[in-house]
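Working through the structure, step by step
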Amino acid sequence: MNKAMRRFPSGILTLLFTDIEGSTRLLQRLGSRYADVLRESRRLLRAAFAEQHGYEVDTQGDAFFVVFERAQDAINAAATAQRSLHTAQWPEDVTVRIRMGIHTGELQEVEEGYIGLDVHHAARIMSAAHGGQVLLSESTRDLIVNDLPAELSVEDLGEYRLKDIPGHSRLFQLLMPHLPATFPRPATQGPRRSLQNIPPISSAFVGREQELTGLTQQLQRPDIHLLTLIGTAGVGKTRLALQVASQLEDTFAGQICFVALDRVRNADEVLFAIAQALGVQEDAHRTLTEQLKQVLRELSLLLLLDNFEHVLPARLIIADLLASCPKLKILITSRVMLHLQAEHLFELAPLLLPASAQAVDIASLQRFEAITLFVQRAQAVQSTFELNQDNAPAIIKICRHLDGIPLAIELAAAQARYFTPQHLLSRLEQGTIFLRGKAHDVPERQQTLRAAIAWSYNLLEADEQSVFRRIAVCMSGITLEAAEHICSAVSPIEKMEILNILDSLVDKSVVRRSEDGHAGPRYWLLQALHEYGLERLATTGELEATQAAQSEYILSWLTRISPLLTGAEQVFWLDQLDHEYENVRVALRWLLGTTAHTPEHIEQAMKLCSTLMRFWEIRCYFAEGSAFLDQALAASEGISPILKAQTLHNAGFMALLQNETGRAENFLREGQILFRESGDKESMANILRLQGNLAMVKDNYKVSRRLLEEALTLYSELGNKRRCASTREALVQIAYIQGSYQHALSLAEETLAVYEALGEHYGTAYPLLDMATTLFLAGQDPARAKEFAEESLALFSAVGNKRLVALVMVLLGQLHHVAGNTEQALIILEEASQIFKDLNERHGSAETLVALARIKTRQGDREGARACYHQAWEYISVLKGKELAALCLEGYGQILVTQKEVSHAVQCWGIAATWRAQIVAPLPPVYRSAYLKALEQARAKLSQEEFQAAWLAGSQLVPEALQASSLTKLATLFTVTPDAPDVIIHSN
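Looking at an unreviewed UniProt entry, the chain carries the name LuxR family transcriptional regulator, with the source organism given as Dictyobacter vulcani.

Section: the overall build of the chain
Regarding its fold elements, the chain presents 41 helices and 17 strands. Relative to its 988 residues, the chain shows a buried fraction of 56%. For the chain, the proportion of contacts with a sequence separation of at least 24, taken over those separated by at least 6, is 71%. Accessible surface for the chain amounts to roughly 42300 Å². Of this, 49% is attributable to carbon and sulfur atoms.

Here's the deal with the packing of aromatic side chains
Two numbers describe a pair of aromatic rings. These are the distance of the centres and the angle of the planes. This structure, assessed with the given rule, holds 19 aromatic pairs. Between Phe49 and Phe68 the ring centres are 6.4 Å apart and the planes differ by 75°, which places this aromatic pair in the edge-to-face class. Of the two residues, Phe49 sits in helix α2 (residues 34–51) while Phe68 sits in strand β3 (residues 63–68), which places them 19 residues apart along the sequence. Residue classification places Phe49 among the buried residues on the basis of a relative accessible area of 4%.

Focus: the sheet that holds strand β2 (residues 55–60)
Sheet architecture is open: 7 strands sit in the order β2-β3-β1-β4-β7-β9-β8, paired in mixed fashion. Lying at the two open borders of the sheet, with one neighbouring strand each, are β2 and β8 (153–160). Strand-to-strand, the axes of this sheet are offset by a mean angle of 20°, without reference to chain direction. Where strand β1 (residues 12–20) lies against strand β4 (residues 98–106), 9 bridges are found, and the strand directions are antiparallel. When the sheet's bridge partners are listed, Ile12 is paired in β4 with Glu106.

Observations concerning helix α29 (residues 721–737)
In an α-helix, one turn spans 3.6 residues, which is why side chains three or four residues apart end up on the same side. In a regular helix each residue adds 1.5 Å, so 17 residues correspond to 24 Å; α29 covers 25 Å between its end C-alpha atoms and thus fits that length. Burial analysis of α29 places 15 of its 17 residues in the buried class, which makes it a mostly covered element. After α29 finishes, the residue Gly739 shows a positive phi value of roughly 85°.

Some remarks on the pairing of strand β11 (residues 256–260)
Counting buried positions along β11 gives 4 out of 5 residues, so the element sits mostly inside the fold. The pairing of β11 with strand β12 (residues 302–306) spans 5 bridges and is parallel. What sits directly across from Ile256, in β12, is Leu302.

Overview of the side chain of Arg866
Residue placement: Arg866 occurs in helix α36 (residues 862–879). Owing to a relative accessible area of 12%, Arg866 belongs among the buried residues under this scheme. At a separation of 2.9 Å, a polar atom in the side chain of Arg866 contacts the side chain of Glu901.

Here we look at unusual backbone geometry
Glycine aside, a negative phi is what most residues show, and trans is what most peptide bonds show. Unlike most non-glycine residues, Ser509 shows phi in positive territory, near 60°. As for its position among the elements, Ser509 is in the loop between α19 (495–507) and β16 (512–515). Phi at Val920 takes a positive value of approximately 55°, unusual for a residue other than glycine. Residue placement: Val920 occurs in the loop between α38 (902–919) and α39 (925–941).

So, the nonpolar core
If you look at the biggest cluster of nonpolar residues, it comprises 242 residues, and the most contacted ones within it are Phe374, Trp616 and Trp915. With sequence-adjacent residues up to four places away left out, Trp915 is seen in contact with Trp873, Lys882, Ala885, Ala886, Leu889, Val958, Ala961 and Leu962. By size, the runner-up hydrophobic cluster in this structure holds 37 residues, among which are Leu45, Phe49, Val96 and Leu152.

Structural notes on the domain arrangement of the chain
Per the domain assignment, the segments of the chain are domain 1 (11–175), domain 2 (209–347), domain 3 (362–451), domain 4 (738–797) and domain 5 (798–975). Taken over C-alpha atoms, the centre of domain 1 sits 69 Å from the centre of domain 5.

Remarks on helix α13 (residues 392–401)
Counting buried residues in α13 gives 7 out of 10 residues, a clear majority hidden from the surface. What α13 keeps buried is the set Ala392, Ala394, Ile395, Ile396, Ile398, Cys399 and His401. At the exit of α13 stands Asp403, carrying a positive phi of roughly 60°.

Some thoughts on the environment of Glu151
Assignment of secondary structure puts Glu151 in the loop between α5 (138–144) and β8. C-alpha separation for the pair Glu151 and Leu175, spaced 24 residues apart in sequence, amounts to 8.6 Å. Setting aside residues up to four positions removed in sequence, Glu151 forms contacts with Leu175 and Pro177.

Quick word on the state of the cysteines
A full pass over the atoms with the stated rule returns 0 disulfides. The cysteine Cys325 is free of any disulfide, with Cys257 supplying the nearest cysteine sulfur at 13 Å.

Some thoughts on the packing of helix α34 (residues 822–839) against helix α35 (residues 842–859)
The interhelical angle for the contact between α34 and α35, taken along N-to-C directions, is 155°, at an axis separation of 9 Å. It follows from the interaxial angle that α34 and α35 lie roughly antiparallel. In the packing of α34 onto α35, the handedness of the crossing is left-handed. Every residue of α35 that contacts α34 at Thr822, Ala825, Leu826, Leu829, Glu830, Ala832, Ser833, Phe836 and Lys837 is listed here: Gly844, Ser845, Thr848, Ala851, Leu852, Ile855 and Gln859. Along the lines of polarity and charge, the residues of the contact of α34 with α35 split into 8 nonpolar, 6 polar and 2 charged.

Some details on the pattern of salt bridges
Applying the stated criterion across every chain, the model contains 35 salt bridges. Ionic contacts of the salt-bridge type, sharing partners, join the residues Glu582, Arg585, Arg589 and Glu624 into one network.

Section: the sheet that holds β16
Spatially, β15-β17-β16 is the arrangement adopted by the 3 strands of the open sheet, whose pairing is antiparallel. Across the chains shown, the open sheet's two edge strands, defined by having one partner strand only, are β15 (478–479) and β16. Summarising the sheet, β16 and strand β17 (residues 521–524) pair through 4 bridges and their orientation is antiparallel. From the neighbouring strand, Arg513 faces β17, where its bridge partner is Tyr523.

Section: the environment of Glu56
Mapped onto the elements, Glu56 comes out in strand β2. For Glu56, a relative accessible area of 19% translates into the label buried. The sequence separation of Glu56 and Ile144 amounts to 88 residues, and the corresponding C-alpha distance is 21 Å. Side chain to side chain, Glu56 and Arg46 meet in a polar contact 2.9 Å long. Within the local environment of Glu56, its side chain forms a polar contact with the side chain of Thr59, the two groups lying 2.6 Å apart.

What about the pairing of strand β7 (residues 134–137)?
Residues Val134 and Leu136 of β7 are buried on one face, and the alternating residues Leu135 and Ser137, pointing to the opposite face, are buried as well. Inspection of the sheet shows β4 paired to β7 by 3 bridges, in the parallel sense. Along β7, the bridge assignment pairs Ile102 with Leu136. Inspection of the sheet shows β7 paired to strand β9 (residues 169–175) by 3 bridges, in the antiparallel sense. Its bridge partner being in β9, Leu135 is matched across the sheet by Gln173.

As for a negative patch on the surface
On the surface, Glu461, Asp463, Glu494 and Glu497 cluster together to form a negatively charged patch. The exposure class assigned to Glu494 is exposed, which follows from its relative accessible area of 60%.

Calculation criteria
- Residues numbered from 1 in each chain as written.
- Predicted model: local features only at pLDDT ≥ 70, side-chain atom pairs only at ≥ 80, totals over all residues.
- Heavy atoms only, no water.
- Helix = DSSP H or I, 4+ residues; strand = E, 2+ residues; numbered from the N terminus.
- Buried < 20%, exposed > 50% of the residue type's maximum accessible area, 1.4 Å probe, protein only.
- Contact = heavy atoms within 4.5 Å.
- Areas by Shrake-Rupley, 256 points an atom, 1.4 Å probe, with all protein chains shown as cover.
- Phe/Tyr/Trp six-rings, centres within 6.5 Å; stacked < 30°, edge-to-face > 60°.
- Pairing = 2+ DSSP bridges.
- Axes fitted to C-alpha atoms, helices over the stretch in contact; angles between N-to-C directions.
- Expected span 1.5 Å × (residues − 1).
- Polar contact = N/O pair within 3.5 Å; in protein donor to acceptor, adjacent residues only side chain to side chain.
- Core = buried A, V, L, I, M, F, W, Y, C linked by side-chain atoms within 4.5 Å.
- Domains from an automatic or database assignment.
- Disulfide = S-S within 2.5 Å.
- Parallel < 35°, antiparallel > 145°, perpendicular 65-115°, else oblique.
- Left-handed = near helix turned anticlockwise from the far one by under 90°.
- Nonpolar A, V, L, I, M, F, W, Y, C, P; charged D, E, K, R; others polar.
- Salt bridge = Lys/Arg side-chain N within 4 Å of Asp/Glu carboxyl O.
- Patch = residues over 30% accessible without salt bridge, like charges linked within 9 Å, V, L, I, M, F, W, Y side chains within 5 Å.
- Lys, Arg positive; Asp, Glu negative; His and termini not counted.
- Charge placed at Lys NZ, Arg CZ, Asp CG, Glu CD.

Laid out in structure tokens, this is it:
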């Protein structure tokens, strides 16, 4: 039976490893007859395992890995196997001796079998045994000692150091009657146990391979005598230091001493704690320092001092000991640097995390230490817990919410006994769960993450505490400039001092710092520290004043950088705003969410939204921007009319970007009234331009052109060249939709020249796309169209405008198809489709589906094409766009003709032709050839009367057609979206 298909047991199991001692020597002696020996030994072993209900997990060469659900069964199987092997007849009188190792533990099941430290532990026990010998771990011995058959017994061999297994392992030998009982000492690194005061390690060590290697290598360098392992609260410094000590036991000949300083109250007691750990007694004739130096001078000792941060004055004692004891090496764990000349630093970061919870691959998650730690600790309290497709996204989000801090992850995983990962995540995000440990064998400060953080906070100076809690209002970190404004606004802290305080907080592992190129240093808090800082801010009564200062700074900063979101440094400042955006959200939520908000708060929020419009448009924050604008307008009583009108205009623009024409119309109508009352010419031009765009989206091109031309006149009078250019872009779109391709190209070239003259590199992407679209629709110069489209794509990609990136990709996909590169076309269109789906962009999704349907039609995949048209129509029936709907039905009809639904096809064309006549939007030449060919096929299959009747029937369906939510309900059509050019709207 295939092992990969077998169902192995889970939970606490007993592992048995075996292999043949001296198998190479046997092979050399027996030659080809060794195969018979190997076959017989396997048969005897398998018979013994099967008799005791063993599960064969793996077999490699002469080795077996078997698991048993009962430890007693493993012991009986080993005894039976050894008796059978001892009495068997072997060729040439050779002796076949098999060594065995047995260990009991909890395993993690994977597709190929099991993984976990206990697997390695059992294998190492087997490696320590000699041929014919059975060695047991202490965990197995404890389970079977009272239930052994009368003829069996166990002998305690003492404690031994097993390779790569932390600490010491007590080994036992199984004694069996009539079988050898005397063997050499186990083949281990010796029964030494000279480590002093090392606390027992009760949990498996997870990850940190690079850190472990780095620390052990540094401590073995002759020039390093003091190494400080620093990191924030709960990051795992003590556990890693203990693992380092375990790894270096042989290097230091077991001379490693651990000193816990968490209960030491002051620097004076540090010396006594070290002396006590080393067993040095006070002498009336010499000082304790002299006694320690005398002892330490003679030893090649590694001294591990844990939690040094609260006894920093004792660093002078450390310096003195190092100067007097050349063989001494000291590893210190601390949240603070010691600032000694001999000090070398090793900063411990949080555990490795997946980038996001999207597209979860269970196998690849095993390499992320944070995920592995959560799963192992969850299994410790809930043996049936497993990582799977259902809970993996929640586990990833939990670990990311906890910033990869091991202590936080362990405490969260301990809740797996009571909550699913999904419920646990929800409680963490809502702040309704308090992470507390229940283990009694860990220090009190590690019982809760909050206690560990409070320990660090209480060690700070008063000014450090103030700065720490005030920067906690910034969710995505803080620049020095922002910190100077926010931290000095509540109580007098000199701005010049804030840099020094922040750097001190970094040294104390409370704040983290990263360099951000031209933007300078950025300071930030891990999530748990951020939450604690806000809690302290509320406790001190500073929360509201600090939030007000943060909102004031954000508005000031955004007002300064808003003009820079166009021009040569546009990408840099868009990225800077992305870095700061979570703090912008905090400011807006506070301004709009406070129960006692004033008109001043709402005005600040409206101004903030105005400065964000270009960012929201380019980076596609449409829904979020709309939500903030809606909140501001809902509380706009008493606000200045001109500011409210501007906010209405902004809300209308955001609604239009989301194809919400009804909402856009309402906002613009109300805004227009206020703008007219104000008499502001530029504001009126803005409203007219947006109303023109709205009319274009609704296929009312005549009205759209009139409104846009009115806006263009006003902008020209005001000398606003950028607004003139962006208004002209909309006129370009009307021109190519209505078949005036030469006029469209002329307008687009004029617009391109304006943007180039203004030095707005990004702005040129719009007319480049317009020219590419015009050439494509006109069926002219596809190579030049592709060149324009690719240049436009590069510009949109550079600023991160995903919506327009996808729109250009739809055009490029069709251009590739026209050029005969269908495979590349499909790849590009599928990628565009996914982007539109992620953005919930219905018009773009419909357009992409129509383009895909046309390609599938040309490939002969009629069912695939039909399905695409059906999906597209679901969007179109909501959007109500006639030009897009006409393209959809024209393509869909071409499918129907080939599927013997000719009259239905003609009815589709009748509907489409009527719409095109109503809106004056002729079928583009690029689609005309395939359309005319399908018409000819239909005419050949229908009589003149039948064709005309079907066409007329279709034209009469026009009033109801767009009301049908599906092509099926329309009775003759499939759901399809045409690949008509999308309407490009932007806020230039």
